[in-house]
Amino acid sequence: MMQAWGGRWTDAGWSVGIWAPKANEVGLILNERAHAMERAADGFWSAIVPARPGDSYLLRVDGQDIPDPASRLQSGDVHAPSVVVGPSGHDWQTPWSGRDWAEAVIYELHLGTFTPQGTLDAASDKLAELAELGITAVELMPVGQWQGDRGWGYDGVLPYALHPAYGTPDDLRRFVDRAHSLGIMVILDLVMNHFGPEGAYLHHAAPPFFDESRHTPWGAAIDFSQDAVREYWIQCAEYWIGEYRLDGLRLDAVHQISGPGADDFMTTFARRVRAVDESRAIHLIVEDERNERFLRENGYDASWNDDFHHAVHCALTGESDSYYASFSHDPIGDLCLALQRGHIEEGQPRPGRGEPRGEPCGDLPPTGFVNSTQTHDQVGNRALGKRLLSLADPQGVRTAFALLLTAPYIPMIFMGEERGATTPFLFFADFTGDLAEAVRKGRAAEFAGIASLGSKVPDPLAMDTFARSKLDWNDPQGRDWLDLTARALAFRRDHVVPLLKSGRSQPAQVTRHGTASLSANWHFHAGILDLRLSMGQTQPDLQPHEDAAFSLGRIGTDPFALSVSTRFT
């Protein structure tokens, strides 16, 4: 067992550890009093001292005082002293063993903009509404502390510490307890592939944590060949799962976790995280642009499936820029592939793509794919943060949303989508000085074409940009959308989930009809799911089911329509 990162309680007292293999001297400054730390052969430094919860501390690495890179709590911002945290002693109110992954209906939310208050307590008050709709899991965008108050969370530099703008550690425990009381799983988005641009003191404490010979879009790659690096992230995940009773993790951009040791790290990570509490189900999701199967065959439940999103988006908007290029040539044909096989790009040559991507994954279970029609990425990375309802035919968006919820893949809803929200989700941050100006200029340069058309790119540092991204809970069209969501998820609960739990008995069959319609059926041991869809053009020879358990519009009559039937054996 590697030595522990950060602070923990032992029989001898409070112990703190840090890996600083190149440092000549490391010390602990506890309540402004210096204590020597001892170096082990592996480059870990540690000390055991008498301490009390609430005490403040810093680590002095070759003369520079820094917060603990594995701090569980800060006394202020990311530059401030860390805080000694006592055992939680939280009295969990809800007996909980988790939920079967086949039951997952995920709701991705950003705590800062989900409610007007932007806190865990305020979000907790909304959970009952989500449960009533049929949502069974919330996926929190990253909560590891970053500099400033507002941001998406992907600029975190203290991944063990809850971002203070959202509340206290006990607020998070109460949020999880409340979710469990309503049958909702809580999944955390964890970023292990990079650190944010301000306050990442590991660059000073442990330069070998990074591989300067390899770079990601966010700077030097993290070196996962180092045992101490692997332990840093595994212990971080174990902390969140164990301390806060979370139901799982979504791992950001794991395609950037590469190089020597990466595959072994990922498999060890899954095994260790699941072992934290074997009495309950723990689920692991990856974001992986590679469209590969290895992780889903080695401990991971599912991968985000951007292919489905891109096909739907191109079919509804006709967009063909950037990563939509290879999906813009025949989006309905691509949608057929997504419904039949999960991924669209499986290593075959594709127009609009220089190098093939992916490998065959069509034999993986449908539960191995997390599908979406909107995400924080696909909305927030647009210059004006526009949601799909602001870009496409509303009836088409409704039909695509209903397809998402009724098809036999794991659906993920982006916050507000269930109520037809049109409020933007913009990119925002809270840096100051030169870094703020660099972010501001970078964002403007990225969307210079938008500005040339007369639309001003929102200033990501402005408070108004953040405020405009908060959900509008009083949108008058919300009731109609909420009814659709509840109806589709009731169908999913009663018809789709029992089929998924029985297992697939043969490959899916998907047939295209005309330019914009298709029929699909999936065979499971417990029965058959049969779906008929039109996405923009009437197809008279495709008829609705006489016994449809769910329908939206009328197949054969309306340009946008969906009909779904099940037959149980």
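No experiment lies behind these values; they were computed from the predicted model shown.

Asker: Explain the overall build of the protein chain to me, please; I cannot follow it from the model alone.
Answerer: When its secondary structure is counted, the protein chain shows 15 helices and 26 strands. For 569 residues, the compact-globule estimate of 2.2 N^0.38 gives 25 Å, and the protein chain sits close to it at 24 Å. If you line up the protein chain on its principal axes, its C-alpha atoms span 80 × 55 × 45 Å. Burial analysis of the protein chain (569 residues in total) assigns 60% to the buried set. Carbon and sulfur atoms form 48% of the exposed surface of the protein chain, whose accessible area is close to 21400 Å².

Asker: What exactly am I supposed to notice about the packing of aromatic side chains here?
Answerer: Think of a pair of aromatic rings as described by two things: how far the centres are apart, and how the planes are tilted against each other in angle. Under the counting rule described, the total for this entry stands at 30 aromatic pairs. Taking 5.9 Å as the distance between ring centres and 70° as the angle between the ring planes, the aromatic pair formed by Tyr 107 and Phe 114 counts as edge-to-face. By the burial criterion, Tyr 107 is buried, and Phe 114 matches it. Cluster of aromatic residues (ring-pair linked, three or more members): Trp 5, Phe 44, Tyr 160, Phe 195, Phe 209, Phe 210, Tyr 232, Trp 233, Tyr 239, Trp 240 and Tyr 244. In this arrangement the basic side chain of Arg 350 is found over the ring face of Phe 327, its NZ or CZ atom lying 5.2 Å from the centre. For Arg 398, the ring lying beneath its charged end belongs to Trp 481, and the centroid distance is 5.4 Å.

Asker: Explain the packing of helix H6 (residues 227-244) against helix H7 (residues 262-274) to me, please; I cannot follow it from the model alone.
Answerer: Across the interface, H6 lies against H7 with an axial gap of 10 Å and an inter-helix angle of 25°. Taken together, the axis directions place H6 and H7 in an arrangement best described as roughly parallel. The way H6 lies across H7 gives a crossing that is right-handed. Contacts between H6 and H7 involve Arg 230, Glu 231, Trp 233, Ile 234, Gln 235, Ala 237, Glu 238 and Ile 241 from the first element and Asp 264, Phe 265, Thr 268, Phe 269, Arg 272 and Val 273 from the second. Each residue belonging to the contact of H6 with H7 can be placed in one class, and the counts come to 7 nonpolar, 2 polar and 5 charged.

Asker: Where do I start with the side chain of Gln 378 in this structure?
Answerer: In this structure, Gln 378 sits in helix H10 (residues 376-380). Here Gln 378 falls in the buried class, since its relative accessible area comes to 8%. In terms of polar contacts, Gln 378 uses its side chain to reach the side chain of Tyr 323, at 2.7 Å. Once residues lying within four places of it in the same chain are set aside, the contact partners of Gln 378 are Asp 306, His 309, His 310, Tyr 323 and Tyr 324.

Asker: What am I meant to see in the environment of Gln 395 here?
Answerer: As for its placement among the helices and strands, Gln 395 is situated in helix H11 (residues 394-406). Accessibility expressed as a relative area gives 31% for Gln 395, which makes it partly exposed. Sequence spacing of Gln 395 and Asp 264 is 131 residues, and the spatial spacing of their C-alpha atoms is 46 Å. Every residue in contact with Gln 395, bar those within four places of it in the chain, is listed here: Leu 552 and Phe 560.

Asker: I keep staring at the sheet that holds strand E6 (residues 44-49) and nothing clicks. Help me out?
Answerer: Whether parallel or antiparallel, the strands of a sheet pair through hydrogen bonds between backbone atoms. Across the sheet, which stays open at both edges, the 4 strands sit in the order E1-E2-E6-E5 with antiparallel pairing between neighbours. On the outer flanks of this sheet lie strand E1 (6-10) and strand E5 (38-39), each paired with one strand and no other. In this sheet, strand E2 (residues 13-19) lies alongside E1 in antiparallel orientation, the contact comprising 5 bridges. Each bridged residue has a counterpart across the sheet, and for Trp 9 the counterpart in E2 is Trp 14.

Asker: Please explain the pattern of salt bridges as it appears in this structure.
Answerer: Oppositely charged side chains may form a pair once their charged atoms are brought near each other. Within this structure, the stated rule accounts for 37 salt bridges. The partner of Asp 252 in a salt bridge is Arg 250, with the nearest N and O atoms 3.0 Å apart. Of the two residues, Asp 252 and Arg 250, both sit in the buried class. With a closest N to O distance of 2.9 Å, Arg 493 and Asp 494 form a salt bridge. Note on Arg 493: relative accessible area 53%, which makes it exposed. Asp 494 gets classed as partly exposed once you look at its relative accessible area, which sits at 41%.

Asker: It is not clear to me how the nonpolar core should be interpreted in this structure. Could you clarify?
Answerer: For soluble globular proteins, nonpolar side chains are generally found buried alongside one another. Counting 157 residues, the largest nonpolar core has Trp 5, Phe 209 and Phe 269 as its most contacted members. By residue number, the principal contributor to this core is H6, which donates 11 residues. Ala 137, Ile 187, Trp 304 and Ile 410 belong to the second largest nonpolar core, which has 13 residues in total.

Asker: How do you make sense of the sheet that holds strand E22 (residues 504-513) when you look at a structure like this?
Answerer: Reading across the sheet, the 5 strands line up as E22-E23-E24-E26-E25 and stay open at both edges, with antiparallel pairing between neighbours. Looking along the sheet, the strands with just one partner apiece sit at the ends: E22 and strand E25 (550-552). Taken pair by pair, the neighbouring strands of this sheet meet at an average axis angle of 10°, ignoring direction. Note: E22 against strand E23 (residues 517-524), 7 bridges, orientation antiparallel. Counterpart to Gln 506 in the pairing with E23 is His 523.

Asker: I tried to follow the state of the cysteines on my own but got confused; where do I start?
Answerer: Covalent bonding between the sulfur atoms of two cysteines is what defines a disulfide. Under the counting rule described, the total for this entry stands at 0 disulfides. No disulfide involves Cys 361; its nearest neighbouring cysteine sulfur is the one of Cys 336, lying 19 Å away.

Asker: Could you clarify how one ought to interpret helix H9 (residues 331-341) in this entry?
Answerer: For an α-helix, 3.6 residues make a turn, and residues three or four places apart therefore share a direction. Burial of H9 is extensive: 8 of the 11 residues sit out of reach of the surface. Looking at the buried side of H9, the elements it contacts are helix H8 (306-317), H11, E22, E23 and strand E24 (527-535). Positive phi appears at Gly 342, one or two residues downstream of H9, with a value of about 95°.

Definitions and cut-offs
- Residues numbered from 1 in each chain as written.
- Predicted model: local features only at pLDDT ≥ 70, side-chain atom pairs only at ≥ 80, totals over all residues.
- Heavy atoms only, no water.
- Helix = DSSP H or I, 4+ residues; strand = E, 2+ residues; numbered from the N terminus.
- Rg over C-alpha atoms; globule rule 2.2 N^0.38 Å.
- Buried < 20%, exposed > 50% of the residue type's maximum accessible area, 1.4 Å probe, protein only.
- Areas by Shrake-Rupley, 256 points an atom, 1.4 Å probe, with all protein chains shown as cover.
- Phe/Tyr/Trp six-rings, centres within 6.5 Å; stacked < 30°, edge-to-face > 60°.
- Lys NZ or Arg CZ within 6 Å of the ring centre and 35° of its normal.
- Axes fitted to C-alpha atoms, helices over the stretch in contact; angles between N-to-C directions.
- Parallel < 35°, antiparallel > 145°, perpendicular 65-115°, else oblique.
- Left-handed = near helix turned anticlockwise from the far one by under 90°.
- Contact = heavy atoms within 4.5 Å.
- Nonpolar A, V, L, I, M, F, W, Y, C, P; charged D, E, K, R; others polar.
- Polar contact = N/O pair within 3.5 Å; in protein donor to acceptor, adjacent residues only side chain to side chain.
- Pairing = 2+ DSSP bridges.
- Salt bridge = Lys/Arg side-chain N within 4 Å of Asp/Glu carboxyl O.
- Core = buried A, V, L, I, M, F, W, Y, C linked by side-chain atoms within 4.5 Å.
- Disulfide = S-S within 2.5 Å.

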